[in-house]
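# An overview of the molecular structure
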Amino acid sequence: MKPSMASGTARTKALITAGAVLLALLAAVSLTVGKYPLSLEALLSGDAMQLRVFRTLRLSRTAVGVAGGFALGVAGFVYQTVFRNPLASPDVIGVSSGASAGAAAGILFFGGAAAITASAFAGALLAVLTALGLSALDRGGRNGTIVLAGIAVHALAQTVLMCLKLTADPEKELASIEYWIMGSLNGISLHRLGGNLGLCLACAGALFLLHRQVILLSTREGEARMLGVPVGALRLVVLLTATLAVASVVSLTGLISFVGLLAPHSARLLTADNRPGTMLLSGLLGGALLCGADILARSVAAAELPVSIFTSLLGAPFLIWLILRERRGA
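Residues numbered from 1 in each chain as written. Predicted model: local features only at pLDDT ≥ 70, side-chain atom pairs only at ≥ 80, totals over all residues. Heavy atoms only, no water.

### Focus on the overall build of the protein chain
A tally of helices and strands in the protein chain yields 15 helices and zero strands. Since a compact globule built from 330 residues should have a radius of gyration of about 20 Å, the 20 Å found for the protein chain is in line with a globular shape. In terms of overall dimensions, the protein chain has C-alpha extents of about 65 × 55 × 35 Å along its principal axes. For the protein chain, buried positions account for 48% of its 330 residues. Sequence separation of 24 or more characterises 77% of the internal contacts of the protein chain that already satisfy a separation of 6 or more. As displayed, the protein chain offers around 15300 Å² of accessible surface, 70% of which is attributable to carbon and sulfur atoms. One way to put it: in the protein chain the 24 positive side-chain charges average out to a point 10 Å from where the 14 negative ones average out. (Helix = DSSP H or I, 4+ residues; strand = E, 2+ residues; numbered from the N terminus. Rg over C-alpha atoms; globule rule 2.2 N^0.38 Å. Buried < 20%, exposed > 50% of the residue type's maximum accessible area, 1.4 Å probe, protein only. Contact = heavy atoms within 4.5 Å. Areas by Shrake-Rupley, 256 points an atom, 1.4 Å probe, with all protein chains shown as cover. Lys, Arg positive; Asp, Glu negative; His and termini not counted. Charge placed at Lys NZ, Arg CZ, Asp CG, Glu CD.)

Written out as structure tokens, the structure reads:
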């Protein structure tokens with residue numbers, strides 16, 4: 001092994017260890033922070049109320065923060081690698097806008113947390129399948145076609161969302177729709193997790209198994225085809241897997257901004273490569289970002305704030321810096 005490669009591997013391992021420690025610390029803090037104070041002594045003594053709050057609210061909320069942030073970070077890594085674009089995110093092929101329209105339909109026509117979650121998931125999946133179906137009409141399977149199809153689906157989903165808002169009750173349903181769009185981990189209990197968390201982790205694991213294929217898709221179309229890679233089918237499998245991971249998270253939490261953008265790009269800046277270690281670091285940073293933002297959302301004010309406020313406060317300056325950096329490099 002070359003010295004530079006060995007030093008790079010050692011650096012990546014050290015970064016992964018640091019990321020894992022940071023995520024573990026934030027998860028431990030997340031278990032204790034909230035309006036109802038918990039203490040280790042009371043939990044160990046078997047206090048009924050303390051145990052109920054811990055099991056039904058804090059544990060599930062922390063699990064979603066860790067696993068959801070991890071999945072968003074890994075999916076963001078896949079989007080940025082496949083599209084060869086550091087600004088790529090789940091919004092590129094319409095998953096976020098589809099989930100918003102689905103959640104709004106669930107709030108208006110069904111009601112109940114389970115129905116809203118299912119509707120958001122269905123909306124995200126329908127939007128992505130539509131975008132991928134439209135891109136399949138281009139026999140060349142170019143990345144630009146998928147992006148254009150995603151823009152079209154995003155515009156259509158936003159139109160549906162605006163129509164649903166116009167029919168909503170301004171005092172009740174409209175407020176619920178707007179709150180869902182802002183994103184929050186509030187109110188996530190064990191009975192709401194269902195199969196979402198399992199699907200989220202399964203898809204993230206599948207993306208690690210597909211890492212070699214993800215890297216192949218980041219090469220030029222002609223080169224990949226010369227190597228015998230079925231680009232169209234492989235891109236469909238990889239992007240659909242990443243989208244299922246994202247949909248399983250946002251259907252529970254609402255829209256979470258910038259995690260899928262910030263985490264993978266930060267990991268790539270730190271490691272300067274696209275190896276599996278960088279994908280793992282992307283997931284760890286995504287989990288840490290979502291957990292940290294959720295801790296702030298429930299502790300800095302008397303009333304709980306949407307978690308996307310804090311991810312956006314970090315993400316917007318980073319996005320501006322990234323655009324300026326890309327412009328200087330052009």
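### Brief notes about the packing of aromatic side chains
To describe a pair of aromatic rings, one takes the distance between the centres and the angle between the planes. Under the defined criterion, the tally for this structure stands at two aromatic pairs. Judged by centre distance (6.2 Å) and plane angle (25 degrees), the rings of Phe70 and Phe208 are stacked. A residue pair is termed long-range when its members are at least 10 positions apart, and Phe70 in helix α3 (residues 48-82) and Phe208 in helix α9 (residues 196-209) qualify at 138 residues. Looking at Phe208, the relative accessible area reads 27%, which means it is partly exposed. Ring geometry for Tyr79 against Phe83: centres 6.3 Å apart, planes inclined by 0 degrees, an arrangement best described as stacked. Judged by its relative accessible area of 9%, Phe83 falls in the buried class. (Phe/Tyr/Trp six-rings, centres within 6.5 Å; stacked < 30°, edge-to-face > 60°.)

### Points about unusual backbone geometry
Phi at Phe258 is positive, roughly 75 degrees, even though this residue is not glycine. By the element assignment, Phe258 lies in the loop between α12 (231-253) and α13 (259-271). Judged by relative accessible area, which is 24%, Phe258 ranks as partly exposed. Positive phi, normally seen in glycine, also occurs at Ala272, with a value near 60 degrees. Here Ala272 lies in the loop between α13 and α14 (276-297). Judged by its relative accessible area of 68%, Ala272 falls in the exposed class.

### Points about the environment of Gln50
Relative to the helices and strands, Gln50 resides in helix α3. Residue class for Gln50 comes out buried when judged on its relative accessible area of 9%. Counting along the chain gives 140 residues from Gln50 to Leu190, while the straight-line C-alpha distance between them is 16 Å. If we ignore the near neighbours within four places in the chain, the residues touching Gln50 are Tyr36, Pro37, Leu38, Ser39, Ala42 and Leu43.

### Comments concerning the environment of Thr9
Among the secondary structure elements, Thr9 is positioned in helix α1 (residues 3-32). The class of Thr9 is partly exposed, set by a relative accessible area of 26%. Spatially, the C-alpha atom of Thr9 lies 8.4 Å from that of Gly277, the residues being 268 residues apart in sequence.

### With respect to the state of the cysteines
One pass over the structure, following the stated rule, counts zero disulfides. No disulfide involves Cys291; its sulfur sits 12 Å from the nearest other cysteine sulfur, which is in Cys200. By relative accessible area, which is 1% here, Cys291 ends up buried. (Disulfide = S-S within 2.5 Å.)

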